[in-house]
Amino acid sequence: METFTKLFGSLLVFVYHCFDRIVINGYLSGLSRPEQVAYFFRDVVGVPVIEKTVLSQRTEVYRNWVEAYAGNHKLPIEWAEKGVRKEDYVLPHLRRMVRWNAYGVYFIFKSMEQGATFRCSVPKFPTQDPNYRILAHQRSRFTHYYFYVRDQILGPMVIRVASFFPFQATYYLNGHSFMEQELNRRKAGFRKHDNAFLAADNVAHLQAAADRLSPELIRKHWTTGP
């Protein structure tokens, strides 16, 4: 590409590049290892015996919070049906947010999927500490929540949160959605179909929007936000 640009750069009318799909994995670094989990429950929470019910209780609390959040904000919360494309299903709700010029969560999907969690077991042989339990990583199938969000800076995005401890999260962003938000803020004319820009009144504005998307912007605006 660099050689092509050197040879034919003077003949290029317009060039832009932008990440399309961006996936960010989020986790609680202080609760990613068994010994950290043991310290959290025993020394911070004050639970002497870490059993399956202790971890399940955290899941129940989080599930209740999600259900209450959906109810308080009058958000639809549904199980994802097999064979149904989630983005197509929630599109009418996103279009309603656009018409109302509203931002925030507009839909929540529930889905049974494989995820990382911990397994508790009693030691095979007696130990000096009768409350000692073995904690180990495992993958199992449980509920994950998909929060569909219309963000003022990044545009439409999805946050997937596991309902089991340690509640790992995945952020799905779209670079072209960010560019669309940028062009709308500049009141720049453009034509976009689905995820493709078909035309722009000022290509300089389109290029500037693509150039502004950076890891620093995402980190400052979202991953370290309130």
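What comes next concerns the included structure. As a convention, each chain's residues are numbered from 1 in the sequence order in which they are written. Residue-level local features of this predicted model are given only where pLDDT is at least 70; pairs of side-chain atoms are given and counted only at 80 or more, and the full residue set underlies all totals for whole chains, interfaces and linings. No hydrogens and no water enter the side-chain calculation; it runs on all heavy atoms of the structure.

Turning next to the pattern of salt bridges. The term salt bridge refers to a pairing of a side-chain nitrogen on Lys or Arg with a carboxyl oxygen on Asp or Glu at a separation within 4 Å. Counting across every chain of the model gives 9 salt bridges. Ionic pairing is found between D129 and R42, a salt bridge with its closest N-O pair at 2.9 Å. On the criterion of sequence distance, the pair formed by D129 in the loop between β3 (104-121) and β4 (134-151) and R42 in helix α2 (residues 34-45) is long-range, its members being 87 residues apart. Overall, the relative accessible area of 26% leaves D129 in the partly exposed class. K110 serves as the salt-bridge partner of E67, at 3.6 Å between the closest nitrogen and oxygen. One end of the pair, E67, is in helix α3 (residues 52-72); the other, K110, is in strand β3, with 43 residues separating them in the sequence. For every residue, the accessible area (1.4 Å probe, protein chains only) is compared with the maximum for its type, and the residue is labelled buried under 20%, exposed over 50%, or partly exposed between those bounds. What makes E67 partly exposed here is its relative accessible area of 37%. Three or more residues are tied together by salt bridges with common partners; here these are E182, R185 and R212. Here a helix means four or more residues in a row that DSSP labels H or I, a strand means two or more in a row labelled E, and each is numbered from the N terminus.

For every element, the axis is a line fit to its C-alpha atoms; helices are fit only across the contacting stretch, and the angle between N-to-C directions ranges from 0 to 180 degrees. It is the contact of α2 with α3, at a shortest axis distance of 12 Å, that shows an interaxial angle of 85°. Classified by the angle their axes make, α2 and α3 are roughly perpendicular. Counting all contacts with α2, which are made through F40, F41 and V45, the residues of α3 involved are V54, L55 and R58. Grouping the constituent residues of the contact of α2 with α3 by class yields 5 nonpolar, no polar and 1 charged. Working rule for angles: under 35 degrees goes down as roughly parallel, over 145 as roughly antiparallel, 65 to 115 as roughly perpendicular, anything else as oblique. In this analysis, two residues are considered to be in contact whenever any of their non-hydrogen atoms come within 4.5 Å of each other. Three categories are distinguished: nonpolar for Ala, Val, Leu, Ile, Met, Phe, Trp, Tyr, Cys and Pro, charged for Asp, Glu, Lys and Arg, and polar for the others, with Gly belonging to the last.

So yeah, pure geometry; function would need other evidence.
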